[in-house]
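Residue-level structure breakdown
The chain contents come next:
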Amino acid sequence: MNAMTRRIVIGTAAVSMAVSLAACGKAGDDKDSGSGGDSKTIGLLLPENKTTRYETFDRPMIEAKIKALCSDCDVKYNNAGGDAETQKKQFDSLVTQGVKVIILDTVDYKAVKSWVQQAEKKGVKVVAYDRLAEGPISAYISYDNEKIGRLQGEALVKALGDKAKSSNVVMINGSPLDPNAPFFKKGAHSVLDTQVKKVVYEQDIPDWSPDEANKKMGAALDSLGKNGFQGVYSANDGMAGGIITALKKQGVKVPVGGQDSELAGLQRILAGEQSFSIYKQIKPQADTTAGIAVKLLKGEKFDDLVNTKVDSLSGEFKGTPSRLYDATVVTKENIGSTIVADKVYKASEICTPEYKKACDAAGIK
């Protein structure tokens, strides 16, 4: 597939990341394992743990793939817990220990520019994972995030049905420090601005906090009244949970969408509380990232693992080799053929006693 140059413009700061230590895919402590980090060690820094995907899927999948490709490689992992200063210390520690390849899911994309520049001078290669980092990164692996926003907007319009054109919508967006959040927002607006009556209330939520989303939904209810809106766009499932709690407290039931296909979100979809989520296949993203990191460690080319090029958010760093994956809208009708079929969650994990009837009705067994 020929590489095509994409210019991505995001107007926000990046995201929290995580880093704990792991040797050959097994968790360790925060000290140097003394395993020769210059040739056999890959750093893995993830941003936060409020979104369940990072610890449940991204970390174990990346670690497992690295181990499969390089059995004697070490993985040094940490999670930043949403704090950019914590992530800087984790990043600097890896560089000091002689780690030559770092997978970075950034908390604050602007702040990391100087880190990446200093690391480059020491021969350290940085792979931006999930969120685009500023600086001379070696590769970027994520999703077509603006398209995801469009999918969310289209799914909400579909959930509103014949009443979409006369419906007012509340938008609860992601963290202003996450470079992906403006993509989701832009994509969603491109649909909602033309296919619903009006976006009557909109807020960005720091740290993707479900509690803060709950408070903002409460504020919207106070401001607009129970009948002042007919649907809610939520940028992810965690916040959708907080939003739905606020709505239920006031006895309001309207379509609410999300993203990430978290277990609790899928159960809410089956129960009829949440209308849809977005399913992003994490394994291909994780496997590609691990493959690039191992090739960088070995000094090999990775052209076969990328299919496009992306410029940094500032436009200063151009043509980063990249791979952007697609996503799928998940509703009650296709949870079985997507999430369960792909073994993201077993039917038994989704269909706990509370949701057994809903699972039976949806044909999930």
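Definitions and limits used
Residues numbered from 1 in each chain as written. Predicted model: local features only at pLDDT ≥ 70, side-chain atom pairs only at ≥ 80, totals over all residues. Heavy atoms only, no water. Helix = DSSP H or I, 4+ residues; strand = E, 2+ residues; numbered from the N terminus. Buried < 20%, exposed > 50% of the residue type's maximum accessible area, 1.4 Å probe, protein only. Contact = heavy atoms within 4.5 Å. Arc of directions from axis to C-beta. pLDDT = per-residue confidence, 0-100. Salt bridge = Lys/Arg side-chain N within 4 Å of Asp/Glu carboxyl O. Disulfide = S-S within 2.5 Å. Phe/Tyr/Trp six-rings, centres within 6.5 Å; stacked < 30°, edge-to-face > 60°. Expected span 1.5 Å × (residues − 1). Core = buried A, V, L, I, M, F, W, Y, C linked by side-chain atoms within 4.5 Å. Axes fitted to C-alpha atoms, helices over the stretch in contact; angles between N-to-C directions. Left-handed = near helix turned anticlockwise from the far one by under 90°. Nonpolar A, V, L, I, M, F, W, Y, C, P; charged D, E, K, R; others polar.

With that settled, the discussion passes to the overall build of the protein chain. The secondary structure content of the protein chain amounts to 13 helices and 17 strands. Across the 365 residues that make up the protein chain, the buried fraction comes to 56%. Contacts in the protein chain between residues at least 24 apart in sequence constitute 75% of all its contacts with a sequence separation of at least 6.

Right, let's talk about helix α4 (residues 112–121) for a bit. Inspection of α4 places V112, W115, V116 and A119 among the buried residues, and these make up the whole buried set. Projected onto a plane normal to the axis of α4, the buried residues spread over an arc of 95° and lie on a single side. Packed against the buried residues of α4 are α3 (84–96), β7 (101–104) and β8 (125–129).

Turning next to the confidence of the model for the protein chain. Residues of the protein chain with pLDDT of at least 70 account for 89%, and the chain-wide mean is 90. In the predicted structure, residues 1–37 sits below a pLDDT of 50 and forms 165 contacts with residues beyond four places in sequence or in another chain.

This model, assessed by the stated rule, comprises 20 salt bridges. D204 is the partner of K185 in a salt bridge, and the nearest nitrogen-oxygen pair spans 3.1 Å. Of this pair, K185 sits in helix α6 (residues 181–195) while D204 sits in strand β11 (residues 198–204), and the two are 19 residues apart along the sequence. On the basis of relative accessibility, which here comes to 24%, the residue K185 falls in the partly exposed class. Here E300 ties to K295 by a salt bridge, and the two come within 3.9 Å at their closest N and O atoms. When its relative accessible area of 21% is taken as the criterion, K295 is described as partly exposed.

Below, the discussion takes up unusual backbone geometry. Located in the positive-phi region is D207, a residue other than glycine, with phi close to 60°. With respect to the helices, strands and loops of the structure, D207 is situated in the loop between β11 and α7 (210–224). Despite not being glycine, D260 shows a phi value in the positive range, around 100°. Tracing the backbone through its elements, the reader meets D260 in the loop between β13 (256–257) and α9 (263–270). A relative accessible area of 16% means that D260 is categorised as buried.

Our focus in this paragraph is the state of the cysteines. Tallied over the full model, the rule gives two disulfides. Covalent S-S linkage joins C70 and C73, the inter-sulfur distance amounting to 1.9 Å. Taking the torsion about the S-S bond as the criterion, the C70 to C73 disulfide, at about 70°, is right-handed. Neither residue differs from the other here; C70 and C73 are each classed as buried. By sequence order of its bonded cysteines, the protein chain has the disulfide arrangement 1-2, 3-4.

Following the criterion strictly, the structure yields three aromatic pairs and no others. Taking 5.6 Å as the distance between ring centres and 45° as the angle between the ring planes, the aromatic pair formed by F91 and W115 counts as tilted. Of this pair, F91 sits in helix α3 while W115 sits in helix α4, placing them 24 residues apart in sequence. Relative to W208, the ring of F184 lies with its centre 6.3 Å away and its plane at 70°, an arrangement referred to as edge-to-face. One end of the pair, F184, is in helix α6; the other, W208, is in the loop between β11 and α7, and 24 residues separate them in sequence.

This part covers helix α2 (residues 53–69). Its 17 residues give α2 an end-to-end C-alpha distance of 23 Å, which sits within 8% of 24 Å, the value for a rise of 1.5 Å per residue. Those residues of α2 that fall on the buried side of the exposure criterion are R53, Y54, F57, D58, R59, I62, E63 and I66.

Note that soluble globular proteins tend to have their nonpolar side chains buried in a common cluster. Judged by nonpolar contacts, the single largest core of 84 residues is most densely connected at M217, V232 and L247. For this core, the element with the most residues is helix α10 (residues 282–298), which contributes eight residues. The contact partners of L247, leaving out residues within four places of it in the chain, are M217, L221, F229, V232, V252, V254 and V256.

With that out of the way, let us pick up the packing of helix α5 (residues 145–160) against α6. When two helices pack together, their arrangement is captured by the angle between the axes and the distance separating the axes. As a packed pair, α5 and α6 sit with axes 6 Å apart at the nearest point and diverge in direction by 35°. At the point where α5 passes α6, the crossing takes the right-handed sense. Seen from α5, the contacting residues are N145, E146, I148, G149, R150, Q152, G153, E154, L156 and V157; seen from α6, they are F183, F184, K186, G187, A188, S190, V191, L192 and Q195. Classifying every residue of the contact of α5 with α6 gives eight nonpolar, seven polar and four charged.

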